[in-house]
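# Structural features, examined
Next come the chains, spelled out residue by residue.
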Amino acid sequence: MKIAVLGTGMVGKTLATKLVQLGHQVAMGSRTADGDAGQEWLKSVGGKGKLATFADAAAFGEVVFDCTNGANSLAALRQAGAANLRRKILIHVSNPLDFSKGMPPTLTVCNTDSLGEQVQREFPDTLVVKALNTVACALMVQPSLAPGGHHLFICGNDAKARDKVAGWLSEWFGWTSGDIIDLGDITGARGMEMWMALWLRLYGKFGHPQFNLRLIFPNK
Ligand SMILES: NC(=O)c1ccc[n+]([C@@H]2O[C@H](COP(=O)([O-])OP(=O)(O)OC[C@H]3O[C@@H](n4cnc5c(N)ncnc54)[C@H](OP(=O)(O)O)[C@@H]3O)[C@@H](O)[C@H]2O)c1
């Protein structure tokens, strides 16, 4: 597939590298297309991908990952352009973290709204599916790093788009379908993003990010 990965940070690089390894055509998007982070990534995959502006990457991708800095995701997606995102699935990985007042970061939006919803409202013709934002990037593409079953959440307003994303998460990254919990419409992004408050605390406690949630249900 032709896949756009918007973002040159560790998440964008991790997802883009895995997708290139799987044989997909990947365009990594950024503000300038030729920044150092993108160049470094392209070198790391032996040139098997391409660098582009947010707009050119979004136009290229049949599906688009948003791995941009959460406080600036809307700005980045505006640069990507509504026309380039129209009728496409946007897998929204970004978390609305505001580091401007130091650690721990706060959320730019929460409780009665979320970044996922803000993006869906601003791009009504795009199929926004929130996914992968609840785990560290190494786990996104290799869930077996944390042994045993553990859970991933997805949400979005279009049920078919959610099913497609769940299929890709299994096929590309190895999440088993039983471990993917479909939370329904995009308002599910509120909880998925607010989990960051506890996730960051746990990261501080354990000193590494390779952990995840496992839901246990009582026997009936
Ligand atoms: N780190 C993890 O394991 C993890 C796990 C789950 C979710 N997340 C979320 O994933 C997202 C990406 O995280 P990251 O650490 O890989 O990268 P990041 O440093 O948060 O974001 C990097 C990207 O944001 C873009 N950006 C920054 N400021 C911008 C602005 N003013 N306007 C437009 N674009 C701007 C950058 O563009 P340029 O390339 O042009 O500089 C770059 O592509 C974040 O939202 C994060 O919360 C991270």
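All values reported here derive from a predicted model rather than from experimental measurement. (Residues numbered from 1 in each chain as written. Predicted model: local features only at pLDDT ≥ 70, side-chain atom pairs only at ≥ 80, totals over all residues. Heavy atoms only, no water.)

To continue, consider the pairing of strand β3 (residues 50–53). Of the pairings in the sheet, the one linking strand β2 (residues 25–30) to β3 comprises 4 bridges and is parallel in character. Looking at the pairing, Ala27 lines up with Lys50 of β3. Read as a crossover between parallel neighbours, the route from β2 over helix α2 (residues 36–44) to β3 is right-handed. (Pairing = 2+ DSSP bridges. Helix = DSSP H or I, 4+ residues; strand = E, 2+ residues; numbered from the N terminus. Right-handed = clockwise from strand over helix to strand, strands pointing away.)

This paragraph deals with the site of the ligand. Thr8, Val11, Arg31, Thr68 and Cys137 are the nearest of the 23 residues found near the ligand. Within the contact set of the ligand, an oxygen atom lies 2.7 Å away from a side-chain nitrogen or oxygen of Thr8. Between the ligand and the protein, one listed contact pairs an oxygen atom with a backbone N or O atom of Cys137 at 2.9 Å. Elements represented by at least two residues in the shell around the ligand include exactly α1 (10–21), α4 (73–80) and α7 (137–141). The class makeup of the residues in the shell around the ligand is 10 nonpolar, 12 polar and 1 charged. (Near = heavy atom within 4 Å. Polar contact = N/O pair within 3.5 Å; in protein donor to acceptor, adjacent residues only side chain to side chain. Nonpolar A, V, L, I, M, F, W, Y, C, P; charged D, E, K, R; others polar.)

By the definition in use, this model includes 6 aromatic pairs. Note on Trp199 and Tyr203: the rings are 5.2 Å apart at their centroids and 45° apart in plane angle, and the pair reads as tilted. Highlighted residues: Trp199 and Tyr203, both in helix α9 (residues 189–206), separated by 4 residues, approximately one helical turn. On the accessibility criterion, Trp199 (10% relative accessible area) is buried. (Phe/Tyr/Trp six-rings, centres within 6.5 Å; stacked < 30°, edge-to-face > 60°. Buried < 20%, exposed > 50% of the residue type's maximum accessible area, 1.4 Å probe, protein only.)

Taking 1.5 Å per residue as the helical rise, α1 with its 12 residues ought to reach 16 Å, and the 16 Å between its terminal C-alpha atoms agrees with that figure. In the core, the buried residues of α1 are packed alongside β1 (2–6), β2, α2, β4 (63–66), α7 and α8 (159–173). (Expected span 1.5 Å × (residues − 1). Contact = heavy atoms within 4.5 Å.)

Within the element layout of this structure, Ala166 appears in helix α8. With relative accessibility at 19%, the residue Ala166 sits in the buried group. In this structure Ala166 touches Ile154 and Ile180, once residues within four positions along its chain are discounted.

As for its placement among the helices and strands, Gln120 is situated in helix α6 (residues 115–122). In this structure Gln120 comes out as buried when scored by relative accessible area, which is 11%. When near neighbours in sequence (up to four residues on either side) are disregarded, Gln120 contacts Thr126, Leu127, Val128, Asn157 and Ile186.

Right, let's talk about the nonpolar core for a bit. Core analysis: the largest hydrophobic core is formed by 38 residues, its most contacted members being Leu15, Trp41, Phe65, Ile91, Leu132, Leu169 and Phe173. The biggest single contributor to this core is α8, with 7 residues. Once residues within four sequence positions are removed from consideration, Leu15 is found in contact with Phe65, Cys67, Val93, Leu132, Met140, Val141 and Phe173. Counting residues in each nonpolar core, the second largest holds 25 residues, with Leu85, Phe123, Val128 and Cys155 among its members. (Core = buried A, V, L, I, M, F, W, Y, C linked by side-chain atoms within 4.5 Å.)

Once that is clear, we can look at the sheet that holds strand β5 (residues 89–92). As summarised here, the arrangement of the 8 strands in space is β3-β2-β1-β4-β5-β8-β9-β10, forming an open sheet in which the pairing is mixed. Each of the sheet's edge strands pairs with one partner strand only, and the pair in question is β3 and β10 (180–182). Across the sheet, the mean angle separating the axes of adjacent strands is 25° when strand polarity is ignored. (Axes fitted to C-alpha atoms, helices over the stretch in contact; angles between N-to-C directions.)

Taken as a whole, this structure holds 7 salt bridges when the rule is applied. Between Arg190 and Glu117 there is a salt bridge, and its shortest N-O distance comes to 2.8 Å. With a gap of 73 residues between them, Arg190 in helix α9 and Glu117 in helix α6 connect regions that are remote in the sequence. Taking the relative accessible area as the measure of exposure, Arg190 reaches 24% and is therefore partly exposed. (Salt bridge = Lys/Arg side-chain N within 4 Å of Asp/Glu carboxyl O.)

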